[in-house]
Amino acid sequence: IAIAMLPLTAAAHGPSPQKLEKEVIIKADPAKVWAIVKDFGNMQKWHSLVASDKLEQKKDENGDVATFRTLTLKDGGTIYEKLGNINDADMKIKYYIVSGVLPVKDYNATMSVKAGPGAGETTVTWLARFYRKYSLNPPIPPGEDDESAVKAVTGVFDSGLANLKKVVEGK
């Protein structure tokens, strides 16, 4: 009986957590890069996919006042995010996606800035943990699977980090 139940338990676990981490080396002082990265209300200044960024203060699900931003993408989609915290001492910013066009859920991310490998260089690390949008077992609707989620977040990270480098380095 236990062997007969094995395939059912393997398929009944739901989506697997996903993790994505990307880095870029920027030829600039960490303080200069941090000033840009920590500005939660101005992502459109450095991310090539973002057309505009609107900040608002309001109560979150716990009744605490929190900072939220609505990113309007150049393709017309939106992403609604909540600021977790900004840690100036460690040069880290944490945020969460509340809703939006990315095929993810339970998304949380950090961006960190630290001295790079060479003099006058900075390493920016963008790390996210998330699940695919569709949380039930197969069949999974097209575009809501793990591969689509990872591909979407990879596109956001790759284009964002490349353009951050370009903006900071003035190229």
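Below or above, wherever it landed, is the structure these notes cover. (Residues numbered from 1 in each chain as written. Predicted model: local features only at pLDDT ≥ 70, side-chain atom pairs only at ≥ 80, totals over all residues. Heavy atoms only, no water.)

1. Thoughts on the packing of aromatic side chains
- Following the criterion strictly, the structure yields five aromatic pairs and no others.
- Here Tyr 95 and Tyr 107 contribute two aromatic rings whose centre-to-centre distance is 5.8 Å and whose plane-to-plane angle is 45°, an arrangement assigned as tilted. Separated by twelve residues along the polypeptide, Tyr 95 in strand β5 (residues 92-100) and Tyr 107 in strand β6 (residues 104-115) bring together distant segments of the chain.
- Judged by relative accessible area, which is 4%, Tyr 107 ranks as buried.
- Measuring from ring centre to ring centre gives 4.3 Å for Trp 126 and Phe 157, while their planes differ by 10°; the resulting arrangement is stacked. Linking Trp 126 in strand β7 (residues 122-132) with Phe 157 in helix α3 (residues 146-169), this pair joins segments that are 31 residues apart in sequence.
- Classification of Trp 126 by relative accessible area gives buried; the value is 0%. (Phe/Tyr/Trp six-rings, centres within 6.5 Å; stacked < 30°, edge-to-face > 60°. Helix = DSSP H or I, 4+ residues; strand = E, 2+ residues; numbered from the N terminus. Buried < 20%, exposed > 50% of the residue type's maximum accessible area, 1.4 Å probe, protein only.)

2. Focus on the pattern of salt bridges
- Applying the stated criterion across every chain, the model contains seven salt bridges.
- Note that Glu 81 and Arg 69 form a salt bridge whose closest N and O atoms lie 2.5 Å from each other. Of this pair, Glu 81 sits in strand β4 (residues 78-87) while Arg 69 sits in strand β3 (residues 65-73), and the two are twelve residues apart along the sequence.
- Residue Glu 81 is classed as buried on the basis of its relative accessible area, which comes to 3%. (Salt bridge = Lys/Arg side-chain N within 4 Å of Asp/Glu carboxyl O.)

3. Quick notes on the nonpolar core
- In this structure, Tyr 107, Val 124 and Trp 126 are the most contacted members of the largest nonpolar core, which totals 37 residues.
- Breaking this core down by element, the ones donating at least two residues are β1 (18-26), α2 (30-37), β3, β4, β5, β6, β7 and α3.
- Looking at which element gives the most residues to this core, the answer is α3, with eight residues.
- Setting aside anything within four residues of it in sequence, one finds Val 124 in contact with Lys 22, Glu 23, Val 24, Ile 26, Val 33, Met 111, Ser 112, Val 113, Leu 161 and Leu 164. (Core = buried A, V, L, I, M, F, W, Y, C linked by side-chain atoms within 4.5 Å. Contact = heavy atoms within 4.5 Å.)

4. Focus on the side chain of Thr 125
- Tracing the backbone through its elements, the reader meets Thr 125 in strand β7.
- Of note is the side chain of Thr 125, whose polar atom sits 3.1 Å from the side chain of Glu 23.
- In contact with Thr 125, not counting residues within four places along its chain, are Glu 21, Lys 22, Glu 23, Thr 110, Met 111 and Ser 112. (Polar contact = N/O pair within 3.5 Å; in protein donor to acceptor, adjacent residues only side chain to side chain.)

Any link to function would need more than the numbers given here.
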